[in-house]
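These are the residues of each chain, in order.
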Amino acid sequence: MDYGLTRKPHFKLLLATLYILPTLIYGQNWDLQGNIVIEKGVVTRSVTLSCALVDPPYIFIWNFIKFGTDKPIPIAQNYGVRDNAAILGDVTLSGSDLMINNLQLAAEGRYMCQVINKNDEKGEFTTVYIDLTILVPVLKPNLQINDSVPVEGSPVLLTCTVRDGTGPIEYVWNRHTVKEGTFPVTEATGNLAILTAVNRSHIGWYTCTVINEVNEETSDRVYLDVIYGPDEPSINIQPYAISQNGYAANEQEEVTLSCSAPSNPPCHYIWFYNSSQVYSGHMYIIPRISRKHSGMYTCLAQNTQLNTRTQLTISLTVFYLPEGSPSCTALAHNNYQEVALWCSWDGGLPLAQLRWLKSNNDENEIVTNSNATKILKGVDILNGSTYTCAISHPGLQQDVICRTTVSVPSGGPNCSTVATKQNEFIMLTCEWQGGVPKVMLEWNNKQIGDSKESSNIYVFKSNTTYNGKLFTCTALHPMNTEPKECHVQLEAPSLDTYEKDVSILEGNDAQLTCYLKDANPKSEMIWYDKKSKEIIPDSQKYGIFKENQWSNLTIREGEWDVDSGKYTCMALNAVGNSSLLVQLQVQKYPTPPNVTISKLIYSRQRTEVDLEWMTQGTGDLTGFMVQRQASIRSFSGPRRSVQTPAWDTVASSIEPDVRGHKLGGLDPSIVYAFRILAVNHRTTGFPSEVKTPADPPFNAYPAVIGAAVAGMIVAAVASLLVFQYIVRNRENNPPYFKFDASLELLFEFIT
């Protein structure tokens, strides 16, 4: 690039002078008439030095003067860069600008740019001075700590070392934590951080950042872990509750005791209950705590690395509810003039607090432990009024409500009496159930027995002198202005009957009845037969039915000679007895008419008899019965028979309009005698005459007819056999025994 200068005749001379001039003036002191430009470059990077001319120069020369010397060294001119410029870096020209890449430290110095402008006809030099300073970047520093795991209170030294970099260098120290963030280290000065007495607040990641004019670099993180503790532990209880002596928990709750003590490394926890080890760990859980868990709990914290320990003891009280349920009621007070409302729930820890809730006209409620009482005038209470007691306890999520209703039962007392132990004792009973408070009952104004609520029973030994005596029961209740009474009068039994003479026909059931007119206490009624023997009911002869004051004796199927007579009904209680006679007359039915036998014949085999009869005279009858005697015929000696002394009834319940009967099952070897009687219900008539069955009359006609028929059958069979023989042997027969077709058909039909 010559900008046309080489065409002028004096260019070569001028250029040679410019090359020689720096050499001639070497060692002389320069009088810098031009401007001095200050430039900075960074080692291994690039810098551009410019003469800052407006017009392109006619001639320019770049010289380098190392600081501390006065010798300029030509490094570039119009025609290019000289070889000696390589010590500065990679030098190139861009127009008249000097560009240096990959700057070397040797490039630091003063650069002199001499130029002759194109329009300067005088050919005078213009010089620009540029002082170039080479800067070196800082490298990544190295952070070192003399003790990364010190014990709290020990000194710690942190050193930040940087290997290269142009000064001045600034050091910035920081501490980093996960939870709290980043903080400056105030104890650091320059490249040192001196922690004279390290503590737990110094724990964290430390970094050192070095900064110069070129750049900044941060070291790797170094962790400082301070060993300390354990401090005094703290105990947290869930659910949280406190008592006068410490902490409290409700029975059946799940209670969690957690212990924490600042320590590094984390400490080991051991739990003690009343000086006995129960658990090892940070959190001790009691799933369903009970009253037996009350006591002292100690948390022991141990730092195993430092072999140090601390502990804390607390008191835990387990609250529990009283047993059962609260009870509320109303009691009589001040001789049954007032009502005492009483609410109670004893036991538990702490004691339950009870209070009767106030009504409109009451005073402020009073809180008491375990039980609460409130007095009201009976006349001021409306029947059916309800009062409420509220109960508080730490073991309850909300107050428990207990209510009682004050009332007087309707009606009045009921008196009764009964005899006990076979009438040896008399028991008076007075009852009036219900009501709150209960009714108080007294016999004869407390002259006998004791006062009792709801039911008052008084027992005394029986005596006939109590017959007609009156006993009074008095009932007291606060809501009744006047007492109420009931009465019991003892009375010996008194019997009566609607029918003292009872008559029945034989075979019917007799009904004897007696009833109690008066008796207190109740009496037992007993029946005696005509022989004064107590009647025991059974299923066949006697039945006794009792209902209320009645007793009915049933005599089944009365017999005139057995059941007729006087029967006694007797009643007995604790203060006396009474008896009543009832006469029973059992009458027979009228005698039926007499009977005579009109026919009595054996069958031919003598195993059956055919009997017929007829009646004589008039009279009612309900049927007939047949009797027989049997005698055994003897064949070993003279012909004779022996009769049995008893008559056997062989047919009964024969309808009254029947006059004949057939009897079977007879033994032909036995001689039988028969008689017949008419029956009117259970009354039998006189027996008929005694008869022995006659043999059946002889008849020969059937025998003759039978013999003739038998002979005809024999002859027919013989003829048939002969005829059969001839037919089968017809080929061998004489000619006069020839058969035609009709005869053969007849033979086939017969055979």
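Residues numbered from 1 in each chain as written. Predicted model: local features only at pLDDT ≥ 70, side-chain atom pairs only at ≥ 80, totals over all residues. Heavy atoms only, no water.

**Topic: the sheet that holds strand 26 (residues 295-303)**
The six strands are arranged 20-21-27-26-23-24 in an open sheet whose pairing can be described as mixed. Of all the strands in the sheet, just strand 20 (242-243) and strand 24 (276-280) have a single pairing partner and so form its edges. (Pairing = 2+ DSSP bridges. Helix = DSSP H or I, 4+ residues; strand = E, 2+ residues; numbered from the N terminus.)

**Structural notes on the nonpolar core**
Counting residues in each nonpolar core, the largest one holds 24 residues, and the members touching the most others are Trp 62, Ile 75, Leu 98 and Tyr 111. Taken together, the elements giving at least two residues each to this core come down to strand 2 (47-49), strand 3 (57-66), strand 4 (72-77), strand 7 (97-101), strand 8 (109-117) and strand 9 (126-135). Considering every element that reaches this core, the biggest residue donor is strand 9, with four residues. (Core = buried A, V, L, I, M, F, W, Y, C linked by side-chain atoms within 4.5 Å. Buried < 20%, exposed > 50% of the residue type's maximum accessible area, 1.4 Å probe, protein only.)

**Some thoughts on the state of the cysteines**
Disulfides are covalent bonds that connect the sulfur atoms of two cysteines. Counting across every chain of the model gives eight disulfides. Two residues share a disulfide in this structure: Cys 343 and Cys 389, whose sulfurs sit 2.5 Å from each other. Judged by the sign of its S-S torsion, about -85 degrees, the cystine formed by Cys 343 and Cys 389 is left-handed. Residue Cys 343 is found in strand 29 (residues 338-344), and its partner Cys 389 is found in strand 33 (residues 385-392); the two are separated by 46 residues along the sequence. Judged by its relative accessible area of 0%, Cys 389 falls in the buried class. (Disulfide = S-S within 2.5 Å.)

**Examining a nonpolar patch on the surface**
On the surface, a nonpolar cluster with roughly 220 Å² of combined accessible area is contributed by Leu 157, Leu 192 and Ile 194. Looking at the secondary structure, you find Leu 192 in strand 15 (residues 192-195). (Patch = residues over 30% accessible without salt bridge, like charges linked within 9 Å, V, L, I, M, F, W, Y side chains within 5 Å. Areas by Shrake-Rupley, 256 points an atom, 1.4 Å probe, with all protein chains shown as cover. Salt bridge = Lys/Arg side-chain N within 4 Å of Asp/Glu carboxyl O.)

**Notes on unusual backbone geometry**
Excluding glycine, residues mostly have negative phi values, and the peptide bonds linking residues are mostly trans. At the junction of Gly 229 and Pro 230, the peptide bond is cis and its omega measures out at 5 degrees in the coordinates. Its place among the elements puts Pro 230 in the loop between strand 18 (222-224) and strand 19 (234-238). With a phi close to 70 degrees, Ser 454 is a non-glycine residue in the positive phi region. Locating Ser 454 in the fold gives a position in the loop between strand 38 (448-453) and strand 39 (455-461). With a phi close to 60 degrees, His 681 is a non-glycine residue in the positive phi region. Mapped onto the elements, His 681 comes out in the loop between strand 56 (670-680) and strand 57 (683-684). A residue is classified by how much of its surface remains accessible, and His 681, at 44% relative accessible area, is partly exposed.

**A short note on the sheet that holds strand 32 (residues 371-377)**
Across the sheet, three strands lie side by side as 28-29-32; this open sheet has antiparallel pairing. Every interior strand has two partners, whereas the edge strands, strand 28 (327-333) and strand 32, have only one. Neighbouring strand axes in the sheet, compared pairwise and without regard to direction, differ in orientation by 20 degrees on average. (Axes fitted to C-alpha atoms, helices over the stretch in contact; angles between N-to-C directions.)

**Re the confidence of the model for the chain**
Here the chain averages 85 in pLDDT, and 84% of its residues register 70 or above. Of the regions scoring below 50 in pLDDT, residues 634-639 engages in three contacts with residues more than four places distant in sequence or in other chains. Low pLDDT (under 50) marks residues 735-739, which in the prediction has five contacts with non-local residues, meaning those over four places away or in another chain. (pLDDT = per-residue confidence, 0-100. Contact = heavy atoms within 4.5 Å.)

**Quick look at the pattern of salt bridges**
According to the stated counting rule, one finds 16 salt bridges in the structure shown. For Glu 213, the salt bridge identified is with Lys 40, shortest N-O distance 2.6 Å. Within this pair, whereas Glu 213 is found in the loop between strand 16 (204-211) and strand 17 (216-218), its partner Lys 40 is found in strand 1 (residues 36-42), the two being separated by 173 residues in sequence. For Glu 213, a relative accessible area of 53% translates into the label exposed.

**Observations regarding the pairing of strand 24**
Bridge analysis of strand 23 (residues 268-273) against strand 24 gives four bridges, and the strand direction is antiparallel. Considered in strand 24, the bridge of Phe 272 is made with Gln 277. Turn length for the strand 23-strand 24 hairpin, with the two strands adjacent in sequence and antiparallel, is two residues, and the turn residue Asn 274 shows positive phi of about 50 degrees.

**Here we look at the side chain of Thr 388**
With respect to the secondary-structure elements, Thr 388 resides in strand 33. We classify Thr 388 as buried; its relative accessible area is 17%. Side chain to side chain, Thr 388 and Arg 403 meet in a polar contact 3.4 Å long. Ignoring sequence-local partners within four residues, the contact set of Thr 388 consists of Arg 355, Trp 356, Leu 357, Ile 401, Cys 402 and Arg 403. (Polar contact = N/O pair within 3.5 Å; in protein donor to acceptor, adjacent residues only side chain to side chain.)

**What about the packing of aromatic side chains?**
Counting across every chain of the model gives 15 aromatic pairs. An angle of 35 degrees between the planes, with centres 4.7 Å apart, marks the rings of Tyr 515 and Trp 550 as tilted. Placement of the pair is Tyr 515 in strand 44 (residues 510-520) and Trp 550 in strand 47 (residues 550-555), with a sequence separation of 35 residues. Taking the relative accessible area as the measure of exposure, Tyr 515 reaches 15% and is therefore buried. Trp 550 gets classed as partly exposed once you look at its relative accessible area, which sits at 35%. Of the aromatic side chains, those joined through ring pairs into one cluster are Trp 271, Tyr 273, Tyr 279, Tyr 284 and Tyr 297. Here the guanidinium or amino end of Arg 606 rests over the ring plane of Tyr 602, the centre of that ring lying 4.1 Å away. (Phe/Tyr/Trp six-rings, centres within 6.5 Å; stacked < 30°, edge-to-face > 60°. Lys NZ or Arg CZ within 6 Å of the ring centre and 35° of its normal.)

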